[in-house]
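These are the residues of each chain, in order.
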Amino acid sequence: MAASSCCLLIVSSQALAGQAAVAAPDQYGAAVAAQILKDGGNAVDAAVAAAFTLAVTYPEAGNIGGGGFMTLYQGGKPYFLDYRETAPKAASRNMYLDDKGQVVPNLSLVGARAAGVPGTVMGMWQAHQRFGKLRWQQLLAPAIGYAEHGFTAAPKQYQYRGEAVRLFAGKTNFARYFGKLKSGETFRQPELAATLKRIARYGAADFYQGKTAQLLVAQMKRDNGLIGADDLNDYRARWREPISMGWRGNIIYTAPPPSSGGIALWQLLAIKQDRAADFAGVAHNSARYIHLLAEIEKRVFADRADYLGDPDFAKVPLAELTDPAYLARRAAEINPLAISATPDVRPGLETRQTTHFSIVDRWGNAVANTYTLNFDFGSGVVVQGAGFLLNDQMDDFSAKPGVANAFGVVGKDANAIQPGKRMLSSMAPTIVTRDGKVTLAIGTPGGSRIFTSIFQVLNNLYDFNMPLAQAVAAQRVHHQLLPKDTIFYEDYAPLTGAAADELKAMGYALRDQGWRMGDIQAVRVDGEVAETASDPRGRGVGIVVK
């Protein structure tokens with residue numbers, strides 16, 4: 001089953017002279033965002049409306065029972081909103097271990113104990129309160145309509161639904177709510193419609209202190225979950241400083257901790273720049289090119305495992321990890337001709353499916369938002385009477401330091417479970433600016449593949465000068481230190497032929513990861529012209545609004 005996160009990205013530039021654009025993971029989210037822009041809404045308005053719509057029409061990933069991150073460019077200034085889920089107060093470091101200290105399979109992925117305290121509703125509410133133009137009720141109206149009157153389910157939704165029914169069978173109430181979701185048929189969610197009507201009327205207060213909160217806590221009690229009334233009442237979204245880096249005449253704004261995505265993207269771009277001579281004349285996605293990417297990526301993942309976590313609970317050495325001298329030292333470790341031995345790739349300091357959409361408005365503002373349930377349909381638990389799915393985001397913690405999570409990624413003490421703590425993420429909603437104006441907005445799903453996918457698309461655009469659609473559709477690969485010397489690919493653009501043979505001869509194992517590598521949604525602005533690209537790996541739609 002693919003990992004299930006949802007990413008929303010909204011961008012704009014005054015150079016657009018009234019032109020706006022949206023690239024969203026399904027036709028409903030795209031159409032709603034476009035209409036909000038036509039109605040005079042700004043980027044944040046369109047983001048809120050699209051996010052709630054996707055909670056209805058993209059239930060495998062869109063959500064009100066999850067959380068995420070939003071990168072904004074508003075009035076020529078960058079902002080970042082962290083509405084990531086948190087561990088419940090009753091959570092404990094070893095809660096997913098058996099009496100022998102071993103990780104219990106699926107306990108952090110399936111059922112009520114896998115859920116963190118949701119942040120999506122609070123995130124959308126705070127973004128709107130600070131920057132929105134249109135009325136809150138107006139922004140939720142389309143989502144309410146789709147929940148009440150239904151939408152037509154897509155083929156891939158039916159496929160994912162079938163996998164989820166088997167995974168959750170006998171363990172959650174998933175089949176009761178989504179068992180009848182079938183491709184090409186109208187799907188209605190009356191309980192979710194009632195919940196959205198309450199949120200439209202009372203705002204975030206309903207979800208965190210009102211009837212919806214009561215229904216969520218009741219579900220936790222029925223299923224032996226951990227989220228209590230105090231967890232919901234005390235939940236807060238946090239405004240943080242976005243990561244910003246200068247890169248080839250551009251300024252890139254992206255996600256700070258508790259996401260690893262922004263730091264990782266910075267490291268990937270900077271180390272590659274330091275090794276520019278190795279890439280000179282190297283063909284795109286040749287064996288040598290893929291090997292060089294793998295050499296960079298394994299070092300980034302080594303740092304991620306040891307140093308990154310919630311900055312409110314652990315000291316995250318951001319300045320050290322992005323220091324040019326440190327990155328140059330890491331770059332010098334790369335072997336351009338052979339595989340670096342995995343045991344020798346250590347932290348360098350001395351001491352599955354997400355959805356993304358991009359929108360451009362006409363006032364020079366930008367938003368990049370990624371939100372998630374983690375794996376498709378989250379924990380499989382639907383809040384009875386409220387009709388929404390809960391996340392399985394607790395799997396993003398280190399259930400046991402040094403033991404891989406569902407994405408095969410290891411973590412250490414910095415990402416250990418603690419009450420109230422935000423779990424580490426790879427989400428990297430990213431905005432590129434030049435001379436103070438947005439030129440690119442980009443993001444993707446994919447768990448640990450998120451920042452490596454964005455990295456490769458940026459390379460395609462800026463190194464190989466590919467058109468946007470081609471850059472997004474091109475073959476992508478992934479390496480993350482562990483499993484040892486393994487390069488992952490996907491069925492959409494398999495790694496075959498001479499490049500595959502050369503990589504195998506070098507000692508790499510090539511592995512089809514079994515699900516699509518991301519679902520990039522991008523908007524690029526060139527002067528007064530906006531263009532969109534929706535990844536052909538998914539079912540996304542791009543619309544330019546004039």
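Residues numbered from 1 in each chain as written. Predicted model: local features only at pLDDT ≥ 70, side-chain atom pairs only at ≥ 80, totals over all residues. Heavy atoms only, no water.

Engineer: I'd like to hear about the overall build of the protein chain, residue by residue, with values.
Structural biologist: Counting secondary structure elements, the protein chain contains 18 helices and 19 strands. Against the globule reference of 24 Å for 546 residues, the protein chain gives a C-alpha radius of gyration of 22 Å, in line with a compact fold. Over its C-alpha atoms, taken along the principal directions, the protein chain stretches across nearly 65 × 60 × 40 Å. Counting every position in the protein chain, which comprises 546 residues, the buried fraction comes to 65%. Roughly 18,400 Å² of accessible area belongs to the protein chain as shown, and the carbon and sulfur atoms make up 49% of that amount. Charged side chains in the protein chain number 56 positive and 50 negative. The centres of these two groups are separated by 4 Å. (Helix = DSSP H or I, 4+ residues; strand = E, 2+ residues; numbered from the N terminus. Rg over C-alpha atoms; globule rule 2.2 N^0.38 Å. Buried < 20%, exposed > 50% of the residue type's maximum accessible area, 1.4 Å probe, protein only. Areas by Shrake-Rupley, 256 points an atom, 1.4 Å probe, with all protein chains shown as cover. Lys, Arg positive; Asp, Glu negative; His and termini not counted. Charge placed at Lys NZ, Arg CZ, Asp CG, Glu CD.)

Engineer: Hey, could you go over the pairing of strand β14 (residues 437–443) for me, with residue numbers and the actual values?
Structural biologist: Walk down a regular strand and you will see the side chains alternate between the two sheet faces. Within β14, six of the seven residues are buried, leaving the element largely enclosed by the surrounding structure. Examined bridge by bridge, β14 and strand β17 (residues 521–526) share four bridges and lie antiparallel to one another. Within β17, the position partnered with I442 by the bridge is A522. (Pairing = 2+ DSSP bridges.)

Engineer: Any chance you could break down the pattern of salt bridges for me, citing the residues and the numbers?
Structural biologist: For the coordinates displayed, the defined rule picks out 26 salt bridges. With its nearest N and O atoms 3.9 Å apart, the salt bridge here joins K298 to E295. Separated by three residues within a single helix, K298 and E295 lie in helix α13 (residues 287–307), roughly one turn from each other. Comparing K298 with E295 shows no difference in burial state: the two are buried. With its nearest N and O atoms 2.7 Å apart, the salt bridge here joins K484 to D485. We classify D485 as buried; its relative accessible area is 9%. Through salt bridges with shared partners, a single ionic network connects E295, K298, R299, D303, R330, E333, K484 and D485. (Salt bridge = Lys/Arg side-chain N within 4 Å of Asp/Glu carboxyl O.)

Engineer: Report on the packing of aromatic side chains, specifying residues and quantitative values.
Structural biologist: Evaluated as defined, the whole model comprises 21 aromatic pairs. A centroid spacing of 5.8 Å and a plane angle of 50° characterise the contact between F178 and F377, whose relative ring orientation is tilted. By the burial criterion, F178 is buried, and F377 matches it. Ring geometry for F301 and F451: centres 5.2 Å apart, planes at 35°, overall tilted. According to the relative accessible area criterion, F451 is buried, its value standing at 0%. Counting every residue linked through ring pairs, the aromatic cluster contains Y28, Y146, F151, F168, F174, F178, F187 and F377. The ring of W239 carries the charged tip of R130 above its face, separated from the ring centre by 4.5 Å. If you follow K272 out to its NZ or CZ, it ends over the ring of F279, 4.5 Å from the centre. (Phe/Tyr/Trp six-rings, centres within 6.5 Å; stacked < 30°, edge-to-face > 60°. Lys NZ or Arg CZ within 6 Å of the ring centre and 35° of its normal.)

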